[in-house]
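Each chain is listed here by its residues.
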Amino acid sequence: MNARPPMTPPTRTQVGIVGAGPAGLLLSHLLYLEGIESVVLEARTREYCETRVRAGVLEHGTARLLDAAGVGARMRREGLVHHGIVFRFGGRDHRIDLSGLTGGRTITVYAQHEIVKDLIAARRDAGGAIVFEAENVSLHHLDGSAPTIRYRAGGEARELACDFVAGCDGFHGISRSSIPPDALTVYDHHYPFAWLGILARVPPASEELIYARHDHGFALLSMRTREISRLYLQCDPGAELDRWPDHLVWDELRCRLERPDGWALRDGPILQKGITDMRSFVVDPMRHGRLFLAGDAAHIVPPTGAKGLNLAAADVRVLVQALAAFYKERRTDLLDGYSDTCLRRVWKVQRFSWWMTSMLHRGGGGAFADQIQLAELDYVTGSRAASAALAENYVGLPFD
Ligand SMILES: Cc1cc2nc3c(=O)[nH]c(=O)nc-3n(C[C@H](O)[C@H](O)[C@H](O)COP(=O)(O)OP(=O)(O)OC[C@H]3O[C@@H](n4cnc5c(N)ncnc54)[C@H](O)[C@@H]3O)c2cc1C
């Protein structure tokens, strides 16, 4: 395709999309493939979006969706396909055979910012409009049939007229807060711990992800490439990074991931370090008038189940089908059902993410809670039925 990006942002489009994270960009590209126009308005720079380190585990269905959208080639070349995950507790490893328990399904390890790069390149190649550094974005006339988005770009005030607005601007965006509070039910759950995550230039010490439960707290060994490891430690909420110098992070990771047979964690230079609070959050409905929320704008999951990015992609899949039915057949039933359809999956994924989190973290519940956690881990790794339920959720629940 030879089309070039337009020089000045359009003033009218079919779907105005707020946010160039994975949800907004994937939506824009899938709409393009359906012949539906969109404009993406993003507050940050392109470089910022393309280097922001976040998730990296793709469900089977998410990887296939990227393939179907024509943006999966680099993921297939560079991503790591995994067939299992490991639970480490009581000094031993217990592998869950994800593929064997799910009829051959897999997960793919491929960093979120690489997906964002691939999607931005695909939108640019197709002449898609993405306005980076859009300031003061605000939504108007959402209750009528002609919503507008106002923003500033290049020092000028601009207005975008649309048929629909997609709020894909993450948890701290403006879309959700443009809905009157009494039109939403909010479900919000906080956990008494946080995650300290590092990205390190060292080959991963395991071929597969290791979820470790230890008396000091949870640890996760993950990876982004064959050269870059991604590791996490449970820490206190509100913990400060300067209390966690690099050597202490490695000492604690070694302690929580150790195995009595001498298995060793390799360390290396830390490229990035951050602390993320853990929360479960859902708004219902995910629609208000002509505004449709997708991804983190509508829900947050604790990262233990590796679901945030996948859930964003699942919302987008539903929204594209609904908008295509509207433009091609003038049907509104799928748009009307958008929120209920998404929320059925959202709550199942919330349950799974909460369950994984509760099973693996030390939450100060005392000796009784500790024994229940160990029994749960023993059951889930020892029973084929329980392992299969975990595997089915981990590789991603099927779509209706
Ligand atoms: C710090 C952090 C670390 C994470 N780590 C992991 C992890 O390790 N594993 C995991 O599974 N999941 C992780 N997640 C979750 C996962 O990355 C998210 O679920 C995923 O990014 C959701 O995609 P999204 O497109 O809905 O939102 P986002 O990726 O948040 O994208 C929203 C976009 O909207 C833009 N935006 C915001 N406000 C405005 C505005 N007013 N106007 C215009 N644009 C705006 C933002 O700049 C951003 O580009 C993490 C999330 C965060 C926040």
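These remarks concern the structure in this document. Everything quoted here is computed from the prediction, not taken from an experiment. (Residues numbered from 1 in each chain as written. Predicted model: local features only at pLDDT ≥ 70, side-chain atom pairs only at ≥ 80, totals over all residues. Heavy atoms only, no water.)

### As for the sheet that holds strand 16 (residues 228-235)
Consideration 1: Strand order across the open sheet formed by eight strands is 6-5-14-15-16-13-17-20, with mixed pairing between neighbours. The outermost strands of the open sheet, each flanked by one partner alone, are strand 6 (92-96) and strand 20 (299-300).
Consideration 2: Pairing of strand 5 (residues 85-89) with strand 6, which is carried by five bridges, proceeds in the antiparallel orientation. Across the sheet, the residue bridging to R88 is D93, located in strand 6.
Consideration 3: In this fold helix 10 (residues 366-382) packs onto strand 5, strand 6 and strand 14 (210-214), with an angle of close to 145 degrees to the strand it touches most, strand 5. (Pairing = 2+ DSSP bridges. Helix = DSSP H or I, 4+ residues; strand = E, 2+ residues; numbered from the N terminus. Contact = heavy atoms within 4.5 Å. Axes fitted to C-alpha atoms, helices over the stretch in contact; angles between N-to-C directions.)

### Side note on the pairing of strand 14
Every regular strand shows the same layout, with side chains that alternate between the two sheet faces.
Consideration 1: The buried fraction of strand 14 is high, at five of five residues.
Consideration 2: The two faces of strand 14 match: I210, A212 and H214 on one face and Y211 and R213 on the other face are all buried.
Consideration 3: Alignment of strand 14 against strand 15 (residues 217-223), held across five bridges, turns out to be antiparallel. Considered in strand 15, the bridge of I210 is made with L221.
Consideration 4: Where strand 14 folds back on strand 15, the antiparallel hairpin that results is connected by two residues. (Buried < 20%, exposed > 50% of the residue type's maximum accessible area, 1.4 Å probe, protein only.)

### Regarding helix 9 (residues 333-360)
Consideration 1: Taking 1.5 Å per residue as the helical rise, helix 9 with its 28 residues ought to reach 40 Å, and the 41 Å between its terminal C-alpha atoms agrees with that figure.
Consideration 2: Where helix 9 bends most, the angle comes to about 35 degrees, and this point is S339. (Expected span 1.5 Å × (residues − 1). Bend = angle between axes of the 7 residues up to and from the residue.)

### Observations concerning the sheet that holds strand 9 (residues 135-140)
Working definition: the strands of a sheet are paired by backbone hydrogen bonds and lie parallel or antiparallel to each other.
Consideration 1: Taking strand neighbours across the sheet as the criterion, the three strands line up as 9-10-11 in an open arrangement whose pairing is antiparallel. Where the open sheet ends on each side, the last strands, each with one partner, are strand 9 and strand 11 (156-161). Taking the axes of each pair of neighbouring strands and ignoring which way they run, one obtains an average angle of 20 degrees across the sheet.
Consideration 2: Pairing between strand 9 and strand 10 (residues 148-153): four bridges, direction antiparallel. Looking across to strand 10, one finds that H140 is bridged to T148.

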